[in-house]
Amino acid sequence: MLNPLVNLFFPKVCYACHNLLNDNEETICLDCRHDLPVTNFHFDNDDAVARALYGRAKIENGTALFRFEKESIVQQLIHNLKYKDHEIIGYVLGNWLGNELKTIEAYQDIDIVIPVPLHEKKLKKRGYNQVAKFGQQIAEALNADYKDDVLIKITNTKSQTNKSRFSRWMNTDELFALKNMDAVDNKHILIVDDIITTGATLEACISVLNQVNSIKISIATMAIA
């Protein structure tokens, strides 16, 4: 009796299209799941993520779950995740990608999953890092450690949502610092983020992590523009 009343006053809607969910649907409706533009990079050995960083940062492997386009259901999902307190989206996407990556040999030796960090002021304002649940679920699937105390962001940059690709690439203000260096020494690290566009943010993270000896770095993101 309680569930019908709850659904009447607080109906469950799809976080992509905002249509009502059926009883057998959770978070994302089946129609949207079917329409999501999956990349299959990790299945097809596609090096699109590595190409985004070509000449600037070396990675072992890289993948993205979806292709990102403006005014798409992927944009709606990530917007709801980042700005509407719907952390469950990160959990769902991390579970989705994690279960795929654990079947790929190249990702089976990942030791540690590290999220691209938020500056402490932005983290306090938002209340959560939007890639935390995503990274935690991937770490669980890969039987790896999840560590959010290795990289810290030491500059508080403004949102880049409305910036052009060129403006993002020209933004050199994203600075990170490394803590707990011993925790990642001789490890294979998987850095996780929401979207890779120019790769500038991930390049900055990789540059800092490369201070560590004998480290290997791979990347997994929710989407690639």
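Heads up: these notes are all about the structure in this document. (Residues numbered from 1 in each chain as written. Predicted model: local features only at pLDDT ≥ 70, side-chain atom pairs only at ≥ 80, totals over all residues. Heavy atoms only, no water.)

### Quick notes on the sheet that holds strand 3 (residues 145-146)
One open sheet accounts for five strands, arranged 1-7-6-2-3; its pairing is parallel. Here the strands that pair on one side only, and so sit at the sheet edges, are strand 1 (62-67) and strand 3. Two strands pair when backbone bridges link them, and strand 2 (residues 112-115) and strand 6 (residues 188-196) are joined in this way by four bridges, in the parallel orientation. Opposite Val113, over in strand 6, you have Leu190 as the bridge partner. Against the sheet, helix 11 (residues 200-209) engages strand 2, strand 6 and strand 7 (216-224), with an angle of about 160 degrees to strand 6. (Pairing = 2+ DSSP bridges. Helix = DSSP H or I, 4+ residues; strand = E, 2+ residues; numbered from the N terminus. Contact = heavy atoms within 4.5 Å. Axes fitted to C-alpha atoms, helices over the stretch in contact; angles between N-to-C directions.)

### Comments concerning the layout of surface pockets
Taken as a whole, the second largest pocket holds about 250 Å³ of empty space. Lining the second largest pocket are 15 residues, and of these Pro117, Leu118, Leu123, Asn129 and Asp148 sit closest to its centre. Residue assignment for the lining of the second largest pocket shows that the elements contributing at least two residues are helix 7 (120-126) and strand 4 (151-153). Take the lining of the second largest pocket: its biggest share by element is three residues, from strand 4. The residue makeup of the lining of the second largest pocket, split by class, is 10 nonpolar, two polar and three charged. (1 Å grid on protein atoms, 1.4 Å probe; cavity = no way out; pocket = protein on both sides within 12 Å on 5 of 7 lines; lining within 4 Å. Points joined across faces, edges and corners; volume = space filled by probe spheres on them. Nonpolar A, V, L, I, M, F, W, Y, C, P; charged D, E, K, R; others polar.)

### Details of helix 5 (residues 73-83)
All of the buried residues in helix 5 are Val74, Leu77, Ile78, Asn80, Leu81 and Lys82. Along its buried surface, helix 5 packs onto strand 1, helix 6 (88-101), helix 7, strand 6 and strand 7. Directly after helix 5, the chain includes Asp85, whose backbone phi takes a positive value near 65 degrees. (Buried < 20%, exposed > 50% of the residue type's maximum accessible area, 1.4 Å probe, protein only.)

### Brief notes about the pairing of strand 6
In terms of burial, strand 6 is largely enclosed, as eight of its nine residues are buried. As judged from the eight bridges shared by strand 6 and strand 7, these two strands associate in the parallel manner. The residue bridging Asp193 from the neighbouring strand is Thr221, located in strand 7. A crossover links strand 6 with its parallel partner strand 7, the connecting element being helix 11, and its sense is right-handed. (Right-handed = clockwise from strand over helix to strand, strands pointing away.)

### Regarding unusual backbone geometry
A positive phi is found at His18, a non-glycine position, where the angle reads about 70 degrees. Here His18 lies in the loop between helix 1 (2-9) and helix 2 (30-35). For Asn143, which is not glycine, the phi dihedral falls at a positive 55 degrees. Looking at the secondary structure, you find Asn143 in the loop between helix 8 (132-141) and strand 3. What makes Asn143 exposed here is its relative accessible area of 72%.

### A look at a nonpolar patch on the surface
There is a patch of nonpolar side chains on the surface, built from Ile152, Ile154 and Leu175 and spanning about 240 Å² of accessible area. Mapped onto the secondary structure, Ile152 falls in strand 4. Since its relative accessible area comes to 31%, Ile152 is described here as partly exposed. (Patch = residues over 30% accessible without salt bridge, like charges linked within 9 Å, V, L, I, M, F, W, Y side chains within 5 Å. Areas by Shrake-Rupley, 256 points an atom, 1.4 Å probe, with all protein chains shown as cover. Salt bridge = Lys/Arg side-chain N within 4 Å of Asp/Glu carboxyl O.)

### Some remarks on the side chain of His188
Mapping His188 onto the fold places it in strand 6. Classification of His188 by relative accessible area gives buried; the value is 3%. At 2.8 Å, the side chain of His188 forms a polar contact with the side chain of Ser218. Look past the residues within four positions of His188 in its chain and what remains in contact with it is Glu60, Asn61, Ala106, Asp109, Ile110, Asp111, Ile112, Lys216, Ile217 and Ser218. (Polar contact = N/O pair within 3.5 Å; in protein donor to acceptor, adjacent residues only side chain to side chain.)

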